[in-house]
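Structural overview for review
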Amino acid sequence: MNLSKRVLSRKKTPICLLLCLTFALGACMKRVEHPPLDVTFVPSSGDFISPEGERLSLDAVLDMAKGKDYILLGEGHKNICDHSIQQQIVSWLSQSDTPPAVGLEMVAVDKQSVLDDFAAGMIEVADLEEELEWSERWGYPYSLFEGLFEIVREHSLPISGLNAPRSVTKKITEGGLESLTDEERALLPAEIVPPAEEQKAFLDEVFAQHSTRDTDDPDQRERFFLVQSIWDSKMAEEAVALRKRYDWPVVIIAGSAHVENGWGIARRLKKFDPDAETLIVMPWRGGSFDKDSGDVFFYCPDKYRSKMGATLVATGQGGLLVEQVVRGSRADEAGLRPGDVLLEAADIPLDYLFSLHMAGTKVYKADEDLVFVVRRGEAVFSVNVGKLGKKGKAESESVR
């Protein structure tokens, strides 16, 4: 063999080996089933997203809001990021050629006189919490909403409470419509629009999560559906009245369950104000992306600072991420560390922050310890934080 042939032979040998290895590895590798592409980028907290999964600028979102008669802003009541996004939108709209009136789920119609005094400059933002009996009637931190009231004051926006008083709906839950006085009935919507068929399955899921109710009792289920319909119908009715009073677009701020898919408030708006145009703005927490639940989305992962001293974030991929642990707290003493993922508690998968509430309620009623199944890297183990309302005990053991 001459020199040129020997060189050629040396060049061919590695190529043959490489091809053999490639085929061998290909035989061992499993085929990956890729999910459909929904959101096309990894979002940061506060990013806006189109139903097609594309990134949107704030200016693009605000352009979408132009010309709309109602802008529904869904929220998680304790989510700081949600409130920040709301205030950005309301602040910008306030500086446009068509500033909005603001309607709030958080304030009932029997407190409208307080909001009127506030709008007239007779009540300061710092005093609204007490005047509205915020802690007793709403319960979520007033500090989250204070910035919104400051924007309303700065731009002299009309503001209205939209909801039926909870004291009234509580009576309905316990004893039906027949338990109400004439004065209480006057606080209900003129027309109570029942839920759409496609919403009933969702409401059944929510009803099943209420541990204080008998889910097998048809009367309790019917009253639960009735109360939801009263809330959505009343908020829509008052928003329509607010728009007619000022002839301004109306921003409606309400919990996401009243906004998503257009099932709740938007459906009633369509009935009470048929020619009006509505924009639905919904938070997205990560995980499954339902493009039909809104017209535009903003990314705000669920986050919660627990009393045990851990800040938890819903990952959207199953489990709650421990983002932060306070040194010396119950979470610290029990062994939770930043980066841990809480998978399960009380046999309830912790896919959402509400799942943690369900697990806590379950163990509290049973007077049992709250025990988490935790993943740390590849290790999975249990962490016992003790009984709720009592000093925890720092115990952890391997699960698998």
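A short tour of the structure in this document, coming up. (Residues numbered from 1 in each chain as written. Predicted model: local features only at pLDDT ≥ 70, side-chain atom pairs only at ≥ 80, totals over all residues. Heavy atoms only, no water.)

Turning to helix 10 (residues 197-208), a few remarks are in order. For helix 10, built from 12 residues, the straight-helix expectation of 16 Å at 1.5 Å per residue is met to within 8% by its first-to-last C-alpha distance of 18 Å. Three or more residues of helix 10 are buried, namely Gln199, Leu203 and Phe207. Buried residues of helix 10, seen end-on, are gathered within an arc of 85° and therefore sit on one face of the element. Of the residues in helix 10, the exposed ones pointing more than 90 degrees away from the buried face are Glu205 and Ala208. On the buried face of helix 10, the contacting elements are helix 11 (218-246) and helix 12 (265-272). (Helix = DSSP H or I, 4+ residues; strand = E, 2+ residues; numbered from the N terminus. Expected span 1.5 Å × (residues − 1). Buried < 20%, exposed > 50% of the residue type's maximum accessible area, 1.4 Å probe, protein only. Arc of directions from axis to C-beta. Contact = heavy atoms within 4.5 Å.)

Summed over all chains, the structure comprises one disulfide. With a sulfur-sulfur separation of 1.9 Å, Cys81 is cross-linked through a disulfide to Cys300. Disulfide Cys81-Cys300: torsion about the S-S bond near -60°, hence left-handed. Of this pair, Cys81 sits in helix 3 (residues 80-94) while Cys300 is found in the loop between strand 8 (296-299) and strand 9 (303-305), placing the two residues 219 residues apart along the sequence. Under the relative-accessibility criterion, Cys300 is labelled buried at 0%. (Disulfide = S-S within 2.5 Å.)

So, about helix 3. Relative to the 21 Å expected for 15 residues at 1.5 Å per residue, helix 3 spans 21 Å between its end C-alpha atoms, a close match to the ideal helical length. Regarding helix 3, the residues found buried are Cys81, Asp82, His83, Ile85, Gln86, Gln87, Ile89, Val90, Leu93 and Ser94. Between the side-chain oxygen of the N-cap and the backbone nitrogen of Cys81 there are 3.0 Å, and the N-cap of helix 3 in question is Asn79. (Polar contact = N/O pair within 3.5 Å; in protein donor to acceptor, adjacent residues only side chain to side chain.)

What follows deals with the packing of aromatic side chains. Scanning the entire structure with this criterion turns up 12 aromatic pairs. Aromatic pair Phe224 and Phe225: ring centres 6.2 Å apart, planes at 65°, arrangement edge-to-face. Ring pairs connect the aromatic residues Phe118, Trp134, Tyr142, Phe145 and Phe149, which therefore count as one cluster. One cation-aromatic arrangement involves Arg221 over Phe225; the distance from NZ or CZ to the ring centre is 4.4 Å. (Phe/Tyr/Trp six-rings, centres within 6.5 Å; stacked < 30°, edge-to-face > 60°. Lys NZ or Arg CZ within 6 Å of the ring centre and 35° of its normal.)

On to the nonpolar core. The biggest cluster of nonpolar side chains holds 41 residues, and the ones touching the most others in it are Leu104, Trp134 and Phe149. No other element matches the six residues that helix 7 (residues 143-155) contributes to this core. Once you skip the residues sitting within four places of it in the chain, Leu104 turns out to touch Leu148, Phe149, Ile159, Ser160, Gly161, Leu162, Asn163 and Ile253. Leu180, Val193, Ala239 and Trp284 belong to the second-largest nonpolar core, a separate cluster that totals 36 residues. (Core = buried A, V, L, I, M, F, W, Y, C linked by side-chain atoms within 4.5 Å.)

Attention now moves to the sheet that holds strand 5 (residues 159-163). Read across the open sheet, the eight strands follow the order 2-1-8-7-3-6-4-5; overall the sheet is mixed. The open sheet has two edge strands with one neighbour each: strand 2 (55-56) and strand 5. Note: strand 4 (residues 101-108) against strand 6 (residues 250-255), four bridges, orientation parallel. Within the sheet, the bridge partner assigned to Val102 lies in strand 6 and is Val251. Packed onto the sheet, helix 7 meets strand 3 (70-75), strand 4, strand 5 and strand 6 and runs at close to 145° relative to strand 4. (Pairing = 2+ DSSP bridges. Axes fitted to C-alpha atoms, helices over the stretch in contact; angles between N-to-C directions.)

In this section: the environment of Trp138. Summarising the element assignment, Trp138 is placed in the loop between helix 6 (134-137) and helix 7. On the accessibility criterion, Trp138 (8% relative accessible area) is buried. Taking the C-alpha atoms as reference points, Trp138 and His77, 61 residues apart in sequence, are found 10.0 Å from one another. Excluding its chain neighbours within four sequence positions, the residues that come into contact with Trp138 are His77, Glu105, Met106, Glu133, Phe145 and Arg166.

Right, let's get into the packing of helix 11 against helix 12. Put simply, helix 11 and helix 12 touch, their axes get as near as 8 Å, and they point 50° apart. It follows that helix 11 is oblique to helix 12 by the angle criterion. As helix 11 runs across helix 12, the sense of the crossing is right-handed. Note on element contacts: helix 12 touches helix 11 through Ile265, Arg268, Leu269 and Phe272, opposite Ser229, Asp232, Ser233, Met235, Ala236, Glu237, Ala239 and Val240. For the contact of helix 11 with helix 12, the residue count by class is seven nonpolar, two polar and three charged. (Parallel < 35°, antiparallel > 145°, perpendicular 65-115°, else oblique. Left-handed = near helix turned anticlockwise from the far one by under 90°. Nonpolar A, V, L, I, M, F, W, Y, C, P; charged D, E, K, R; others polar.)

Here His258 is to be found in the loop between strand 6 and helix 12. Residue His258 is classed as buried on the basis of its relative accessible area, which comes to 8%. A distance of 3.4 Å separates the side chain of His258 from the side chain of Glu105, its partner in a polar contact.

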